[in-house]
Amino acid sequence: ELAPTAGLIGLTINGSGCGGTEIVFDGSTATIKCTSSRQITWRDISFISSEVDDDQIAFTINQTGNPLRSWRFERCEFQAFYKCFAVTGTSMCSEFYFHDCKFLQCYWLMDNDNDQAFNWNFVNCDWENDSLTTSKDKTLAAVFNLKKGSFIRWTGGSFIIVGQMVYYNLTASGVFARTSHKVVFDGVRIELVDDGAGG
């Protein structure tokens, strides 16, 4: 748990490079819990889940009260997570920046059920789950599972996708901020993987 409860400001965690520094999650309860923190930077780190089917979540964010914002991930890698980010709560969770990151064989990148999770920015990042091995229904795998909408911008990089790229469940109850219904892709290579059944 990223403590204290009141939050941290200005913490930088430097690794020695993907494959050099690894944080390994073992078991479904393994997750990094975050609250109210700002200007947190993760750099040159591999986050590795032991198994997609363990329902492991890399970062669990349940934000109420003070906002959580201005996080950066630089040259980081996420491997085999059920969810890379699970975002809930009613307070702001915004200004997330991902630069030169990779998401490999993950089921969902972002599962958002937060009213104000917007301004998530991805630059030269890659999503590849073409070799995803799981007992879960692959057609339900999603880069983004957005129950309440988000503002997301992805510039450069690529998607090699099994499952859904973007899913909005705007039938869910709740009031959505009008600024939170936008996904922008600029210069992204998208490759849809044949599921073997002509789909």
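Relevant structure appears above.
To start, this report covers the structure provided alongside it. Every value quoted in this text rests on a predicted model; they were computed, and no experiment measured them.

With respect to the overall build of the chain
If you tally the helices and strands in the chain, you get zero helices and 20 strands. Burial status across the chain gives 46% buried among its 199 residues. Long-range pairs, those at least 24 residues apart, make up 80% of the contacts in the chain between residues at least 6 apart in sequence. In the structure as shown, the chain presents an accessible area of about 8,900 Å², 48% of it carried by carbon and sulfur atoms.

Considering the packing of aromatic side chains
Each pair of aromatic rings is reported with the distance of its centres and the angle of its planes. Counted under the stated rule, the structure contains 36 aromatic pairs. Centre to centre, the rings of Phe73 and Phe85 are 5.5 Å apart; their planes meet at 80°, and the pair counts as edge-to-face. Placement of Phe73 in strand E7 (residues 68-74) and of Phe85 in strand E9 (residues 83-89) is noted, with a sequence separation of twelve residues between them. This pair shows no difference in class: Phe73 is buried, exactly as Phe85 is. On the basis of relative accessible area, Phe85 is assigned to the buried category, the value being 0%. Sitting over the ring of Tyr82, Lys136 keeps its end group 4.4 Å from the ring centre.

Structural notes on the pairing of strand E5 (residues 46-49)
Consecutive side chains of a regular strand alternate in pointing toward one face of the sheet and then the other. Of the two faces of E5, the one lined by Ser46 and Ile48 and the one lined by Phe47 and Ser49 are each fully buried. Pairing analysis gives four bridges linking strand E2 (residues 22-25) to E5, with the strands arranged parallel. Looking at the pairing, Phe25 lines up with Ser49 of E5. Examined bridge by bridge, E5 and strand E8 (residues 77-79) share three bridges and lie parallel to one another. Pairing of Ile48 across the sheet is with Gln79, part of E8.

Cut-offs applied
Residues numbered from 1 in each chain as written. Predicted model: local features only at pLDDT ≥ 70, side-chain atom pairs only at ≥ 80, totals over all residues. Heavy atoms only, no water. Helix = DSSP H or I, 4+ residues; strand = E, 2+ residues; numbered from the N terminus. Buried < 20%, exposed > 50% of the residue type's maximum accessible area, 1.4 Å probe, protein only. Contact = heavy atoms within 4.5 Å. Areas by Shrake-Rupley, 256 points an atom, 1.4 Å probe, with all protein chains shown as cover. Phe/Tyr/Trp six-rings, centres within 6.5 Å; stacked < 30°, edge-to-face > 60°. Lys NZ or Arg CZ within 6 Å of the ring centre and 35° of its normal. Pairing = 2+ DSSP bridges.

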